[in-house]
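For reference, the chains in residue letters:
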Amino acid sequence: MKRHKNVKMGSKKKVHAFVRIKPTDDFAHEMIKYGDDNKSIDIHLKKDTRRGVVNNQQTDWSFKLDGVLHDASQDLVYETVAKDVVSQALDGYNGTIMCYGQTGAGKTYTMTGATENYKQRGILPRALQQVFRMIEECPTHAVTVRVSYLEIYNESLFDLLSTLPYVGPSDTPMTIVENPQGIFIKGLSVHLTSQEEDAFRLLFEGETNRIIAARTLNKNSSRSHCIFTIYVEAHSRTLSDEKYITSKINLVDLAGSERLGKSGSEGRILKEATYINKSLSFLEQAIIALGDQKRDHIPFRQCKLTHALKDSLGGNCNMVLVTNIYGEAAQLEETLSSLRFASRMKLVTTEPAINEKYNAERMVKNLEKELALLKQELAVHNSLANHPLVTYDPMDEVQIAEINSQVRRYLEGTLEEIDIISLRQIQEVFNQFRVVLSQQEQEVESALRQKYTLIDKNDFATISAVQKAGLVDADGHLVGEADGQNFAFGITPFSAKPGKKAKAKKIFKELRPSTPPPKPLAFEDFKNERGSEINRIFKENKSILNERKKRASETTQRINAIKREIDVTNEALNLQKSLREKQGEYENKGLMIIDEEEFLLILKLKDLKKQYRSEYQDLRDLRAEIQYCQRLVDQCRQRLLMEFDIWYNESFVIPEDMQVALRLGSSIRPGMVPINRVVSLGEDDQDKFSQLQQTVLSEAPDSIAFINAKVKTEQKQNYLKTMMGIQQAHRK
């Protein structure tokens, strides 16, 4: 096993293992006993007399754990098990809390709790609350929280938050990917949560999508493994340090193990139980291998569960296991199996480490500040040592031109030596020597080509062509000039034929058609009647957008034309400069004298650059207007489609008798069926919320976000169920 190395490694520590006993009226007091320190549990079995008087059957077991939670409240469980793990997450330590045990032993109750009762909420909701409370108490850091919800069902990965409208299902199956930073689930959506209520809504959304089934020991048994992950990223507001910390908290609710002989499962339930037992068996094998220090290979890839939890099992995180067991004699065999798993887990060691990363942008800013400070120190040092003024900034065009002039004068002999000022100046001097040498080589080659035609003697085809052209003198020597070739680059403008608009067919309105009309035809009718105003605004915005795009295209063409003219003027100006340098430069009182043609080229270039900057600024303004107009067009299009869907459903999909029932005694506004009438025909959700506020908020004032998220999730689910029922009734 290769462990991920972090910046700061902590000391090794054992995995904390707790056991929680499900309350029951039929507790086996004679078989299950707790130690005085509340950290051990003893199991005693009576000997099976059917094996004879003398047999080697083991009857006593003792398990040492970190805590035994018997008749413990949800508050006590969280304080004992999870509070320290969550609090260290904001310090940069990863954490994992896992619930393991038999079917119906209380794993989901321990992890999630009873979502309909705020006081009975489990570890997961309390962890979310603690994270946001700690963020409020830490104003010196900017903390970002993200969450994801993964389900492993029958060795397949599912995103429990894919039902959100802005996520949607994916055709590509999810996969587990390993990178230097750890395990990554490709295809799993990660959601930013800026407040506590948003996080609860994501939690409840995922809970409604979990796969459950009725079992002998639990009527709502989870048939899959679920991993809810909280990602935390903290940046300091006060320190300019480029380092920041990241951490994640994995909250794992494992599916329950069961004995197929006892449960009598068949069909789909049997298949699910087989996959669950298989993955839990592979999990136990991985735990045994991690507890054995002599083992080099850890079988993480045997199943999706162990592979997804590779970072958590024996990694660089604080890990806690909660083993849920029964206290009844009938389930003692499965209880022993769960306790053995807990004792093996205690043998696993982890190395919690702070996850530190570096912000590249902030690092660059710090280096720039340090560079500026070093320049200031050098300036002070030069001033105290009476050194001449030295600039350590990159040289500009004027300084480079001055060094080029010094090099030329040095080569011509008019300058005896070049004063050395700084290392940057020395480098530029050598660079200008290279530039001057290259220019001289080009001048020599150009002079030779003007006087002679240079042809390779071994190029017989060229020699033959020249002879046929009559470019050979009487002595057989090649004379004449080489023909120059001018190359022109052009861009063929792209033109597209505008498509012809299809004539819209008018829909003649009927009282109530037996079958809904096609949506394209209904949409044309809607745009001419109820949606005419929105359609008019949409067309106006689209017309403005097209006009701005046309102006931007014309401005772009003008900019390209100016750029080509600037390039031509630059070439002509460079040619004039080279001719002036060949003919000799004239100075008057230190000022360079240039001819009228070169002066006019300089003025023309200046005007062209001014035009270029002006046109480019206009183009930037047009692009900003185009972006704004595009947003308006998108909003109008979305509004038009939404209003059309509402109108179409009310006009052709929802039965007339149901519409009458919905509208009785209600103030319906045009084009919209009241959501509260569709969602619930019984007690209004607002009344439920008011009752919850009266009964719960007085005792638990921190529950407002939890209750808000729960009510909104229930409203959404009820609405979806009602609309599905309406569609089914219409089909019948």
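Fair warning: this is a prediction, and the values are worked out from it, not measured in the lab.

J.: Give a description of the overall build of the protein that names residues and reports values.
T.: Scanning the protein from N- to C-terminus turns up 20 helices and 23 strands. The contacts in the protein between residues at least 6 apart in sequence include a share of 71% that link residues at least 24 apart. For the protein, the exposed area adds up to about 45700 Å²; of that, 53% sits on carbon and sulfur atoms.

J.: Please give an account of unusual backbone geometry that cites residues and values.
T.: Notably, Asp 71 is not glycine yet its phi reads approximately 55°, a positive angle. Inspection of the secondary structure puts Asp 71 in the loop between strand 7 (67-70) and helix 1 (74-81). Backbone geometry at Asn 154 places phi at a positive 50°, although glycine is not the residue there. Among the structural elements, Asn 154 can be located in the loop between strand 9 (141-153) and strand 10 (156-159). Using a relative accessible area of 17% as the deciding quantity, one classes Asn 154 as buried.

J.: Give me the sheet that holds strand 5 (residues 40-44): which residues, what numbers.
T.: Read from one edge of the open sheet, three strands run 4-5-6, paired in antiparallel fashion. Pairing within the sheet leaves two strands with one partner each, and these edge strands are strand 4 (32-34) and strand 6 (60-64). For this sheet, the mean inter-axis angle between neighbouring strands, taken without regard to orientation, is 20°. Where strand 4 meets strand 5, three bridges bridge the pair, whose relative direction is antiparallel. In the sheet register, Ile 32 faces strand 5, and the bridge partner there is Ile 43. Across the face of the sheet, helix 9 (residues 332-345) comes into contact with strand 4, strand 5 and strand 6 while running at roughly 40° to strand 6.

J.: Talk me through the pairing of strand 6; I want residue IDs and the actual numbers.
T.: Burial along strand 6 is one-sided: Trp 61 and Phe 63 are buried, and none of Asp 60, Ser 62 and Lys 64, which face the opposite way, are. Sheet topology places strand 5 next to strand 6; five bridges connect them, and they run antiparallel. Following the sheet pairing, Asp 42 is matched in strand 6 by Ser 62.

J.: Hey, could you go over the side chain of Thr 193 for me, with residue numbers and the actual values?
T.: Considering the arrangement of structural elements, one finds Thr 193 in strand 13 (residues 191-193). Under the relative-accessibility criterion, Thr 193 is labelled buried at 3%. Leave out the neighbours within four places in its chain, and Thr 193 touches Phe 132, Val 145, Arg 146, Val 147, Asp 198, Ala 199 and Leu 202.

J.: Give a detailed account of the packing of aromatic side chains, specifying residues and quantitative values.
T.: This structure, assessed with the given rule, holds 14 aromatic pairs. Centroid distance Phe 526 to Trp 647: 5.3 Å. Interplanar angle 40°. Geometry classified as tilted. Of the two residues, Phe 526 is situated in helix 14 (residues 519-528) and Trp 647 in helix 16 (residues 596-653); the sequence distance between them amounts to 121 residues. Judged by centre distance (5.7 Å) and plane angle (45°), the ring pair of Phe 644 and Tyr 648 falls under tilted. Taken together, the residues Phe 644 and Tyr 648, both in helix 16 and four residues apart, mark about one turn of the helix. A relative accessible area of 5% means that Phe 644 is categorised as buried. For Tyr 648, a relative accessible area of 7% gives the class buried. Chaining the aromatic ring pairs together yields one cluster made of Phe 523, Phe 526, Phe 644, Trp 647 and Tyr 648.

J.: Go over the environment of Val 711 with me, naming the residues and quoting the values.
T.: Here Val 711 lies in helix 20 (residues 704-731). Spatially, the C-alpha atoms of Val 711 and Glu 116 are 9.6 Å apart, while their sequence positions differ by 595 residues.

J.: Run through helix 1, naming residues and quoting values.
T.: The set of residues buried in helix 1 consists of Gln 74, Val 77, Tyr 78 and Val 81. Viewed along the axis of helix 1, the buried residues span an arc of 95°, placing them on a single side of the element.

J.: Can you tell me about a nonpolar patch on the surface, naming the residues and giving the values?
T.: Taken together, Ile 594, Phe 599, Leu 600, Ile 602 and Leu 603 make up a surface patch of nonpolar side chains, about 400 Å² in accessible area. By secondary structure assignment, the location of Phe 599 is in helix 16. Residue classification places Phe 599 among the partly exposed positions, given a relative accessible area of 43%.

J.: Got a sec to walk through the packing of helix 4 (residues 123-136) against helix 5 (residues 196-208)? Specific residues and values, please.
T.: Running from N to C, helix 4 and helix 5 cross one another at 160°; their axes reach a closest spacing of 10 Å. By the angle class used here, helix 4 and helix 5 are roughly antiparallel. For the pair helix 4 and helix 5, the crossing hand works out as right-handed. Within the contact between the two elements, helix 4 uses Leu 124, Pro 125, Leu 128, Gln 129, Phe 132 and Arg 133 and helix 5 uses Glu 196, Ala 199, Phe 200 and Leu 203. Each residue belonging to the contact of helix 4 with helix 5 can be placed in one class, and the counts come to seven nonpolar, one polar and two charged.

J.: Please provide a residue-by-residue account of the confidence of the model for the protein, values included.
T.: Predicted confidence across the protein gives a mean pLDDT of 77, with 75% of residues reaching 70 or more. For the stretch residues 478-510, pLDDT sits under 50, and the model shows 20 contacts to residues farther than four places along the chain or on other chains.

J.: Quick rundown of the pairing of strand 11 (residues 175-179)? Include the residues and the values.
T.: Where strand 11 lies against strand 12 (residues 182-186), five bridges are found, and the strand directions are antiparallel. Note that in strand 12 the partner of Val 177 across the bridge is Phe 184.

J.: Give me the environment of His 141: which residues, what numbers.
T.: As for its placement among the helices and strands, His 141 is situated in strand 9. Of the residues examined, His 141 reaches a relative accessible area of 27% and is grouped as partly exposed. The residues contacting His 141, other than those within four sequence positions of it, are Ala 234, His 235, Ser 236 and Arg 237. In terms of polar contacts, His 141 uses its side chain to reach the side chain of Thr 140, at 3.1 Å.

Parameters and conventions
Residues numbered from 1 in each chain as written. Predicted model: local features only at pLDDT ≥ 70, side-chain atom pairs only at ≥ 80, totals over all residues. Heavy atoms only, no water. Helix = DSSP H or I, 4+ residues; strand = E, 2+ residues; numbered from the N terminus. Contact = heavy atoms within 4.5 Å. Areas by Shrake-Rupley, 256 points an atom, 1.4 Å probe, with all protein chains shown as cover. Buried < 20%, exposed > 50% of the residue type's maximum accessible area, 1.4 Å probe, protein only. Pairing = 2+ DSSP bridges. Axes fitted to C-alpha atoms, helices over the stretch in contact; angles between N-to-C directions. Phe/Tyr/Trp six-rings, centres within 6.5 Å; stacked < 30°, edge-to-face > 60°. Arc of directions from axis to C-beta. Patch = residues over 30% accessible without salt bridge, like charges linked within 9 Å, V, L, I, M, F, W, Y side chains within 5 Å. Salt bridge = Lys/Arg side-chain N within 4 Å of Asp/Glu carboxyl O. Parallel < 35°, antiparallel > 145°, perpendicular 65-115°, else oblique. Left-handed = near helix turned anticlockwise from the far one by under 90°. Nonpolar A, V, L, I, M, F, W, Y, C, P; charged D, E, K, R; others polar. pLDDT = per-residue confidence, 0-100. Polar contact = N/O pair within 3.5 Å; in protein donor to acceptor, adjacent residues only side chain to side chain.

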